[in-house]
Amino acid sequence: MGLLDYFRSTRQPTASIAKERLQILVAHERSERNKPDYLPMLQKELLEVIRKYVNVDQDAISVTMEQDDNREILELNIILPDDSQRKKPKRS
Amino acid sequence: MARIIVVTSGKGGVGKTTTSAAISMGLALKGHRTAVIDFDVGLRNLDLIMGCERRVVYDFVNVINGEATLNQALIKDKRCDKLFILPASQTRDKESLTVEGVGKVLEDLSKDFDYIVCDSPAGIERGATLAMYYADDAIVVTNPEVSSVRDSDRMLGILASKSRRAEQGEEPIKEYLLLTRYSPQRVKLGEMLSVEDVQDILSLHLLGVIPESKAVLTASNSGVPVILDDKSDAGQAFSDVVRRYLGEHVTHRFIDLEKKGLFNRLFGG
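Residues numbered from 1 in each chain as written. Chains lettered and ligands numbered in written order. Predicted model: local features only at pLDDT ≥ 70, side-chain atom pairs only at ≥ 80, totals over all residues. Heavy atoms only, no water.

A. How the structure looks around the pairing of strand β4 (residues 83–86) of chain B. Residues and elements named next belong to chain B. Neither face of β4 is exposed, since Leu83 and Ile85 on one face and Phe84 and Leu86 on the opposite face are all buried. Note that strand β2 (residues 34–38) and β4 share four bridges and pair parallel. Looking across to β4, one finds that Val36 is bridged to Ile85. Both strand β3 (residues 75–76) and β4 contribute to a ladder of two bridges, which runs antiparallel. (Buried < 20%, exposed > 50% of the residue type's maximum accessible area, 1.4 Å probe, protein only. Helix = DSSP H or I, 4+ residues; strand = E, 2+ residues; numbered from the N terminus. Pairing = 2+ DSSP bridges.)

The structure is reproduced here in structure tokens:
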């Protein structure tokens, strides 16, 4: 950093960087902590069912649980592949 | 029935043993019969900080295994006859601790003592989870530093889910924040998280702030709990902490920079 930069930039104090980083991290870790422990299993089984019909990637599914004051939201997000890559359902 | 206090943090080296020694001595000096237990099996150090390392005959694991009675293992402090130390085993591993064994020892101690202070090891393994399992109150020792704050938050999660009170659906453990190694100078320069910053993140009741102090090392050098050094900032801060814990209203000190007088500014104070 040049001398000019030193005078020009008002550098953010490192303590406030630490606080910001911690607030984000702690909020994230708390939300992970409150998840019911069946979520990974639920995600795995849902994926198995979906893959019977559509050829989705292993990581194309995410299950999140959010909580506010009076309700819990179970959010299921599946990214479907392009048409060309889709598995055609077998005719029986 | 004794009140069981766990001194915990997750991260190592933040001042758990210093705090356990100071607070147990402080409670005893106030006239309460107090026992302090070292849960760091394999790496005992409370005896050294309390200055009774040469008087250890039996330890916590001996008592759990029935190889010694509590009376044989408890070491009476030479400075305060209300204070007793139960050292950790240096030779066994932490697997020697069991929920039932620890529960039995705490139950027996509860009959004779007003307060039982459990000095937790670092980490989240057995020694640490057992130190907090039976607790009524938790003192979460935190340094104003990112990894310590994060680990403290992790411990709060464990206190809220894996303790006896949590498992049995009783009133939750009372959690207190003790901020240690605090430097008002560095906070003012924007180099260190402030008390308010840490409280914003952890939202805990503040039990006290212990300033970074030379007195802590000199006290441990000589095996004297720092609270007995009543001339020192750290010693006074710990005395305030004990009084606050016991319900007194004591204004927080050592948080702001002292205004130096002309004399101190010239000659250094």
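B. Highlighting the nonpolar core. Residues and elements named next belong to chain B. Formed by 55 residues in total, the largest nonpolar core has its most connected members in Phe39, Phe60, Leu86, Leu97, Val102, Leu109 and Ile116. For this core, the element with the most residues is helix α7 (residues 146–162), which contributes five residues. Apart from the residues lying within four places of it in its own chain, the contact partners of Ile116 are Ala2, Arg3, Ile4, Ile5, Ala35, Ile37, Leu106, Leu109 and Ser110. Counting 38 residues, the second largest nonpolar core, distinct from the first, contains Ala22, Val56, Ile85 and Phe254. (Core = buried A, V, L, I, M, F, W, Y, C linked by side-chain atoms within 4.5 Å. Contact = heavy atoms within 4.5 Å.)

C. Layout of the pairing of strand β6 (residues 137–142) of chain B. Residue and element names in this part refer to chain B. Taken across its six residues, β6 has six buried, putting it largely inside the fold. Burial along β6 is two-sided: Asp137, Ile139 and Val141 facing one way and Ala138, Val140 and Thr142 facing the other are all buried. Alignment of strand β1 (residues 3–8) against β6, held across four bridges, turns out to be parallel. For Val6, the partnering residue across the bridge sits in β6 and is Ala138. Across six bridges, β6 lies against strand β7 (residues 174–182) in parallel orientation. Considered in β7, the bridge of Val140 is made with Leu177.

D. Highlighting the packing of aromatic side chains. Residues and elements named next belong to chain B. Here the structure, examined in full by the defined rule, presents five aromatic pairs over all chains. For the pair Tyr176 and Tyr245, a centre-to-centre distance of 5.9 Å together with 70 degrees between the ring planes defines the contact as edge-to-face. Taken as a pair, Tyr176 in strand β7 and Tyr245 in helix α12 (residues 233–245) lie far apart in primary sequence, 69 residues in all. Residue classification places Tyr176 among the buried positions, given a relative accessible area of 13%. (Phe/Tyr/Trp six-rings, centres within 6.5 Å; stacked < 30°, edge-to-face > 60°.)

E. Examining the side chain of Ser110(B) more closely. Note on placement: Ser110(B) falls in helix α5 (residues 99–112). Filtering out sequence-adjacent residues up to four positions away, Ser110(B) remains in contact with Met1(B), Ala2(B) and Ile116(B).

F. Broad picture of the confidence of the model for chain B. Model confidence for chain B is summarised by a mean pLDDT of 94, while 96% of its residues fall at 70 or above. For this predicted complex, the interface score ipTM comes out at 0.85, alongside a pTM of 0.84. (pLDDT = per-residue confidence, 0-100.)

G. Spatial organisation of the interface of chain A and chain B. Counting from both sides, the interface comprises 12 residues of chain A and, opposite them, 14 residues of chain B. Buried surface at the junction of chain A and chain B, both sides included, amounts to about 1,200 Å², of which 57% is carbon and sulfur. Its largest share of buried area at the contact with chain B, chain A owes to Lys19(A), Leu22(A) and Arg33(A), together 41% of the area lost on that side. The interface formed by chain A and chain B holds five salt bridges in total. The salt bridge involving Asp197(B) is made with Lys19(A); its shortest N-O contact spans 3.3 Å. Put simply, chain A and chain B have eight residue pairs in polar contact (both at pLDDT 80 or more) between them. (Buried area = accessible area lost by both parts, 1.4 Å probe. Salt bridge = Lys/Arg side-chain N within 4 Å of Asp/Glu carboxyl O. Polar contact = N/O pair within 3.5 Å; in protein donor to acceptor, adjacent residues only side chain to side chain.)

H. Focus on unusual backbone geometry. Residue and element names in this part refer to chain B. One non-glycine residue, Arg181, lies in the positive phi region at around 55 degrees. If you trace the backbone, Arg181 turns up in strand β7. Accessibility expressed as a relative area gives 42% for Arg181, which makes it partly exposed. Despite not being glycine, Ser203 has its phi angle at roughly 40 degrees, a positive value. By the element assignment, Ser203 lies in the loop between α10 (195–202) and β8 (205–211).

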